[in-house]
Amino acid sequence: MKVSSDFYEAYVYFNGHALMLLLVVSWGCMRSLLTMININHGNARLLGPTPSIWLFVVLMISLILVCVVVFLALLEHVSRPWPPIIPVVVYPVGTLVILACLGVLTGLRERAKGMLALRNLPRFRDLFLADLLTSVHKAFADIVCSLFRWYKGPGDKAAWDDDAMCGGHYIVVTIAMSIPFLIRFFQCIREWNPKSTVNAAKYSLSLAMLVFNALDAAHSSQKTWRGSYILVATCSSFGSFMWDILVDWNMVKRFKNQDTFPNKKHGLLKLAFYGWFIGSDLIMRFIWLWKIFGPNHSLFVFFLAALELFRRFQWVYFRIERAAEGVEHAKETKDTLPIVQLTPFLQRQPLPVPSSLTPVPSHPPDAPIPLHTPPRNHLIRRSRSVTAAPEDQQGGGRKHSFP
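About the thresholds
Residues numbered from 1 in each chain as written. Predicted model: local features only at pLDDT ≥ 70, side-chain atom pairs only at ≥ 80, totals over all residues. Heavy atoms only, no water. Phe/Tyr/Trp six-rings, centres within 6.5 Å; stacked < 30°, edge-to-face > 60°. Buried < 20%, exposed > 50% of the residue type's maximum accessible area, 1.4 Å probe, protein only. Helix = DSSP H or I, 4+ residues; strand = E, 2+ residues; numbered from the N terminus. Lys NZ or Arg CZ within 6 Å of the ring centre and 35° of its normal. Salt bridge = Lys/Arg side-chain N within 4 Å of Asp/Glu carboxyl O. Core = buried A, V, L, I, M, F, W, Y, C linked by side-chain atoms within 4.5 Å. Contact = heavy atoms within 4.5 Å.

Colleague: Sorry, what's going on with the packing of aromatic side chains here?
Modeller: Each pair of aromatic rings is reported with the distance of its centres and the angle of its planes. Following the criterion strictly, the structure yields 19 aromatic pairs and no others. Ring geometry for Phe-185 versus Phe-186: centroids 5.6 Å apart, planes at 75°, classification edge-to-face. Residue classification places Phe-186 among the partly exposed positions, given a relative accessible area of 45%. Ring centres 5.9 Å apart and planes at 70° place the aromatic pair Tyr-229 and Trp-288 in the edge-to-face group. Of this pair, Tyr-229 sits in helix H9 (residues 223-248) while Trp-288 sits in helix H12 (residues 288-293), and the two are 59 residues apart along the sequence. Accessibility expressed as a relative area gives 6% for Tyr-229, which makes it buried. In this structure an aromatic cluster arises from ring pairing among Trp-249, Phe-273, Tyr-274, Phe-277, Tyr-317 and Phe-318. Over the aromatic face of Trp-315 sits the side chain of Arg-312, whose NZ or CZ is 4.5 Å from the ring centroid.

Colleague: So what exactly am I meant to see when it comes to unusual backbone geometry here?
Modeller: Residues apart from glycine generally show negative phi values, whereas peptide bonds are mostly found in trans. The backbone of Trp-192 sits at a positive phi, close to 50°, despite the residue not being glycine. Counting through the fold element by element, Trp-192 comes out in the loop between helix H7 (170-191) and helix H8 (194-218). Its identity as a non-glycine residue notwithstanding, Asn-250 has a phi of 55°, on the positive side. Take Asn-250: it is sitting in the loop between H9 and helix H10 (251-256).

Colleague: Would you mind showing me how to read the pattern of salt bridges here?
Modeller: Pairing between side chains of opposite charge can happen when the charged atoms of each approach one another. On inspection of all chains with the given rule, the structure shows 10 salt bridges. Among the ionic pairs, Arg-184 bridges to Asp-131, the shortest N-O distance being 3.1 Å. Here Arg-184 is found in helix H7, whereas its partner Asp-131 is found in helix H5 (residues 124-134), with 53 residues between them in sequence. A single burial state applies to Arg-184 and to Asp-131, both of which are buried.

Colleague: Just to check I follow, could you spell out the nonpolar core for this structure?
Modeller: Nonpolar side chains tend to gather and get buried jointly when the protein is soluble and globular. In terms of nonpolar packing, the biggest core is built from 37 residues, with Trp-27, Phe-128, Val-136, Trp-249, Val-316, Phe-318 and Ile-320 touching the most fellow members. For this core, the secondary-structure elements that each account for two or more residues are helix H1 (3-36), H5, helix H6 (137-152), H7, H9, helix H11 (267-285) and helix H13 (298-332). The leading source of residues in this core is H13, at nine residues. Each residue touching Trp-249, except ones within four places of it in the same chain, is listed here: Asp-244, Arg-254, Phe-277, Asp-281, Gln-314, Trp-315, Phe-318, Arg-319 and Arg-322. In this structure, Tyr-13, Phe-14, Leu-21 and Phe-56 belong to the second largest nonpolar core, which totals 16 residues.

Right under this line is the structure:
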C-alpha cells in the first residue's frame, strides 16, 4: 500500500465533503454561542426556528470516517473505477438518508426553494444561507473535480500538488465555484434598492475575480493575466472588507454606542475586541495572495479554505447580532421590518370608502357649511315642494307648489 498516494486520493475525493461538514460544525458552534449570550436568532424574521444539529454532526462525522476507511481498503484490493463510488455515490446517499431519518429534509428543501426563488423577495434566512455558501465555493469545485477524476483517472499531476482546475477544466470549475456568488447576485437584483445594487456590484467583482483566476491558470506563461487577476482581486477584497465593516457589522455605530459592548469602564477591552475582528477580517479577505506566493500544496490550500470558514464564523456573530437588534427595535416601536421599502404613495394612501357609508356630521346653524354636504336652501326648497300649505290642508284654498 502506497500510503502517501492513497491518502492523497482520499483527500481529493473527500476534500469538498469535509469543507461542507466543517461549515456545518462552525454553524453549530456559532448557534450555541448565540443562544448562550441570549441573541434571538430563531426569530421568524431572522433564521426561523432551527432544531439542534449536533446529532446530525455526530452522524455525519461517523459517516465520513467510515467512508474514508472503506475507500482506503478498496484502493488496496479493488481496481480503480470502484473505490470512487464511495465518495461520489455512497456518501451523498448516506447524507440524504440521515437527513430523512432526522426529519429535516423537508425543511432543508424549503430553505433551498426560498434561496433559489426568482419571483419572491428573499428573506433574511435566504440571504444568510447564500452568504454561507459563498465561503465554501471551493467545495463546489472539489466535488466537480472528484467526478472528473473518477471518469478520466488521476492525470499527470504529482501527489499533493494542488490542482485547482482539475487538469485543465477551467470553464467547468469556474462555473461550479461561481454558483453561490450567482445566487447571491440575483438575490440582490430581486431586492432592487440602492443598498442591494451596491451589494450586487460587490458580488459581480467576486465573479470577475474567479474568471480572471481561470484565465491566469490557463495562460500561466503570460504575466498580463496575472496582473489583471491581482488588480481585480484587490478591488473585490477591499470592497468586501469595507462592506463588512460599514454595512454588515456597522462598526461606526458600535464604536459610538457605549451600550453595545461593553461600556466606558471596558474601553480598552472593546478596542482590542473590535480591533481583532477588523484586522483579522482584513487579512483573511486578502488570503488569496498566499495562494499566489505560497507553496502549491494541497494541504496548504485546504488550510486557507478553513481560514475562510473562520472568517465567516466571525462575520456571522456580528451580522446576526445587528439583525436581531433591528428586530427588537422594530418591536419596541411597533413598527415592521420590511425587506424592501414600499413607495410612500402605497404606504400613506388610505383605501377608498363608498360615499353611501360616509357619515354626515351635524353642524350648528351658524357654522360654515362643509363642501361635501348639500346646500341648506336646496333642502328647504325640496321639503316645501312636497308639503302642502296650511290653507290647502283645510280644504278651501289653492294649492301652491314651489319650483
